[in-house]
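Examining the three-dimensional arrangement
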Amino acid sequence: MESIRYEHLQETLYYEVMANGLHVYVLPKPGFQKTYATFATKYGSVDNHFQVEGQAEVKVPDGIAHFLEHKMFEEPTGDIFATFASHGASANAFTSFDQTVYLFSATENMNENIQTLVDFVQNPYFTDQNVNKEKGIIEQEINMYADNPDWRVYFGLIEAMYQKHPVHIDIAGTVQSINTITKETLYTCYNTFYHPSNMLLFVVGGVDPEQVISMVRSNQEQKNFEPQGPIHRFFEPEPEQVGEARREVKLSVSLPKCLFGFKETDVGLTGEPLLRRDTTTQLMMDLLFGSSTRLFQKLYDEDLISDSFGHDYISSPQYAFSAVGGDTKDPDQLLERIRQEVEAIMQKGFDASDFERARKKKIGGYLRMLNSPENIANEFTRQHFRGGDFFNMISLYETITLQDVNQRLKEHIRWDQLAVSLVVSP
Amino acid sequence: MNTVAFERGSRKQLRIHVLPTKRFKTFAISLYAGVPLREDTVTPVALTPFVLRRGTESYPETTQFREQLEHLYGAGFGFDVYKRGDYQIVQFRMDTINDSFVGGGEQQLLDRSFAFLGEVLTKPARENGHFKTPYVQAERETVRKKLESIVNDKMRYAAERCIEEMCKHEPYRLHPLGERKALPAIEPPELTATYENWLKEASMDLYVVGDTTLEEVEELVERHFNLERKTSSDYQAQKSVRGDEEPNTVIERLNIGQGKLNLGLRTSITYADDKYASALMYNGILGGYPHSKLFVNVREKESLAYYASSRYDGHKGIATVQSGIEIPNYEKAVTIIKQQLEEMKLGHITDLEMSQTKAMIRNLLKEMQDAAFEMIAYDFNRQLSGKERTSEELLAQIEQITKQDVREAAEQFRLDTIYFLRDEKEE
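Residues numbered from 1 in each chain as written. Chains lettered and ligands numbered in written order. Predicted model: local features only at pLDDT ≥ 70, side-chain atom pairs only at ≥ 80, totals over all residues.

1. Quick word on the pairing of strand β11 (residues 199-205) of chain A
All names here are of chain A. The buried fraction of β11 amounts to 7 of the 7 residues, a majority that puts the element mostly inside the structure. Taken together, the 7 bridges between strand β4 (residues 35-41) and β11 define a ladder with antiparallel strand orientation. Across the sheet, residue F39 finds its bridge partner in β11, namely L201. (Buried ≥ 20, exposed ≤ 12 C-beta atoms within 10 Å, placed from the backbone. Helix = DSSP H or I, 4+ residues; strand = E, 2+ residues; numbered from the N terminus. Pairing = 2+ DSSP bridges.)

Okay, structure coming up:
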């Protein structure tokens, strides 16, 4: 077991890589009642075409990573929620574009709960019957999202931007695609991506790191995983340009929803450079569109935006884009005004004092996040899979300069890379 | 559970509750102001915090106001307006970084946060003695848009419509953000008068969790809160409403794909009641968790839904059941849900359901101790209901609950309203 001390955060992180390749991290939080644990695989909705070195190339139906997540909760002995409940643990899971995360939080029976988490995820149980039964449940989940205008406008933006890359495919798939999923395809995906060498266990809370790590070590030593070669993921080349400049969905809403963003052309970054670009871009977006900016206040005063107006930057080594917007009575007027205002800012760049304030705000936001075991585990895992270090964020913020942010403004805001997604009433 | 109790004091008829602890990297500050829900005041009271967050004496422009928060290392600042029982509660929250993580105590972030909150609450930006007209006009629009946007989120819309139908003869039917039709008539002079009156009469509680003391917080209130309150007003515990004998069915149509089925139940058991722990167990076994009857029977056995759960509101004495289903499955889903309610009344509860639900509630109560705002929210129940019940006491009561207790509690829950939101197509 190794450890890293982060003095400025008053935190110590303990870790060990198991013989089978599993990464285990423990962050003790003295005085905390709760322990939160995540068991994550670097496998999400975009991983639909892949090959394990030495094995055949495989293409799988849309929505299968999410389907697999649902099915993991079923064991020969019944539903795993019941086992967690018996030990007072609240369990859940989520699937994103590039990872699937299983988790629990609990205040007692820590050994039992950590073992349950590791054991159920390492014990797939798929039958024709239980796979078919799940289709009705996921169909209702898909229908629920189809009625949700916020989800539709967000996904509409990705669909407008991306033509080939599977990030444009809904994480849950479609009713048609999930109906083609069988227990055999589930096992193929499971065996590829749930190998310990592709997974990370993170435990944070009132625990003893030595004890947790030795327990996981002996748990893993009792299981037999054949060594697996590297996983190759295949993605069709994605054109630089957006697929559609504007995409519109009809759904009854009180006001049109308008989300726009810029598709990044320079992709392929990983690790520290990716994290640095993410952070710099987020600072830049905050300086442009944040609620304390003059731009925000002008558009609010003009009744073109509301409190719902927000911004985000979503990235991975293969795709990256911004998403900005909210409810508006007049999407065209809003877009025109944004363009005027942003172009004026691009002429002169940001003020040094605004930059310093925005940076302080980001550092504060990061420290606040460290109060939450959930945020720590989720963000650490996400960064780790991309080669970044979540606990080094403050020094990263401290080295970003005004010049970097102004540079990012010019690089990212390219009107030929703009896509707009709208949800309007029929 | 090694909990540290809140230390209590008061200044200017404002109750102060402080939990000194070094466990967090921030100071969590929460201010609650509650008034009875009333048709004539609900809208102006709801509008008030929206106008207050536009500017203060020192930061009259909204951008200045927001920049100041960023100077405080992006202190979290927010407010919320909601109902608890028949009260309308306005809550302001701040979450400020403890100075020791950003280069030492000389920044006085707690003091500066109180200066800020004190201004927001007691020294708003004014012109001619009233709130600024452009702020009032803009925020009326903001509240109107918020009320109109509820329909966008069909889960939330169905939940609120179910309650509105169920409580149509009570103040509780009112939305905490008020009524759209009342907004246009609210002008700066009368809104300012409502605000000044609210500041004097609302029941107020201030909470701080973090590395501080009661004495320090009392001194900060003394210095930064420009309040003149003559009387301290307490919340009055409320009686639950009995409702109609026969359940009322409401079907509403909108342009949607998935049907939303919401059921409303009445109960005589409220927060202050000795049977409160039994009611929590009732809700937990019925639909609070993924091991509960609703999840297992509606979702896992019948594949009818993605979500199927229940919630219990002890302040109002109601429980709700919610699920999203295929529209033609309406009758089937209602039948299965009613069966679960009946099973509860018959006491068809397993030992495993009892022990799992106790373990889950125990976990919830213990986890609360790790989240400052959750500890605050739990303690505030005590102010609202007049019932002192620490989380340790509640936990001890939960452990004692028997199946017989849950069955008896089940008899106190009666189905009142079935609300179904469906598509516009003809059958």
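Right, picking up where we left off after that structure.
2. A short note on the packing of helix α8 (residues 276-288) of chain B against helix α9 (residues 293-301) of chain B
Residues and elements named next belong to chain B. For the pair α8 and α9, interaxial distance at closest approach is 5 Å and the crossing angle is 15°. One way to sum up the angle between α8 and α9 is to call them roughly parallel. Across the interface between the two elements, I285, L286 and G287 of α8 pack against K293, L294 and F295 of α9. Along the lines of polarity and charge, the residues of the contact of α8 with α9 split into 4 nonpolar, 1 polar and 1 charged. (Axes fitted to C-alpha atoms, helices over the stretch in contact; angles between N-to-C directions. Parallel < 35°, antiparallel > 145°, perpendicular 65-115°, else oblique. Contact = placed C-beta atoms within 7 Å. Nonpolar A, V, L, I, M, F, W, Y, C, P; charged D, E, K, R; others polar.)

3. Overview of the interface of chain A and chain B
The accessible area lost on association of the parts is a frequent measure of interface size. Each partner contributes residues to the interface: chain A has 52 residues there, and chain B has 54 residues. For the side of chain A that touches chain B, the elements supplying multiple residues, two or more each, are α2 (80-86), β10 (100-106), α4 (128-146), α10 (294-301) and α12 (352-369) of chain A. Looking at the side of chain A that touches chain B, the element that brings in the most residues is α12 of chain A, giving 10 residues. For the side of chain A that touches chain B, the residue count by class is 17 nonpolar, 20 polar and 15 charged.

4. Points about the sheet that holds strand β15 (residues 310-315) of chain A
All names here are of chain A. Taken together, the 5 strands give an open sheet; going across it, the order is β13-β17-β14-β16-β15, and neighbouring strands pair in mixed fashion. Single-partner strands in this sheet number two, and they are β13 (246-250) and β15. Each strand axis lies, on average, 15° off the axis of its neighbour in the sheet, ignoring direction. Relative to strand β16 (residues 320-327), β15 runs antiparallel, the two being bridged by 6 bridges.

5. Focus: the domain arrangement of chain B
All names here are of chain B. With domains assigned, chain B is organised as domain 1 (7-224) and domain 2 (248-422). The gap between the C-alpha centroids of domain 1 and domain 2 is 30 Å. The interface of domain 1 with domain 2 comprises 22 residues on the first partner and 23 residues on the second. Mapped onto the side of domain 1 that touches domain 2, the elements with two or more residues apiece are β2 (14-20), β3 (26-36), α5 (154-166) and β8 (203-210). Among the elements that make up the side of domain 1 that touches domain 2, the one with the highest residue count is α5 (9 residues). For the side of domain 1 that touches domain 2, the residue count by class is 13 nonpolar, 3 polar and 6 charged. (Domains from an automatic or database assignment.)

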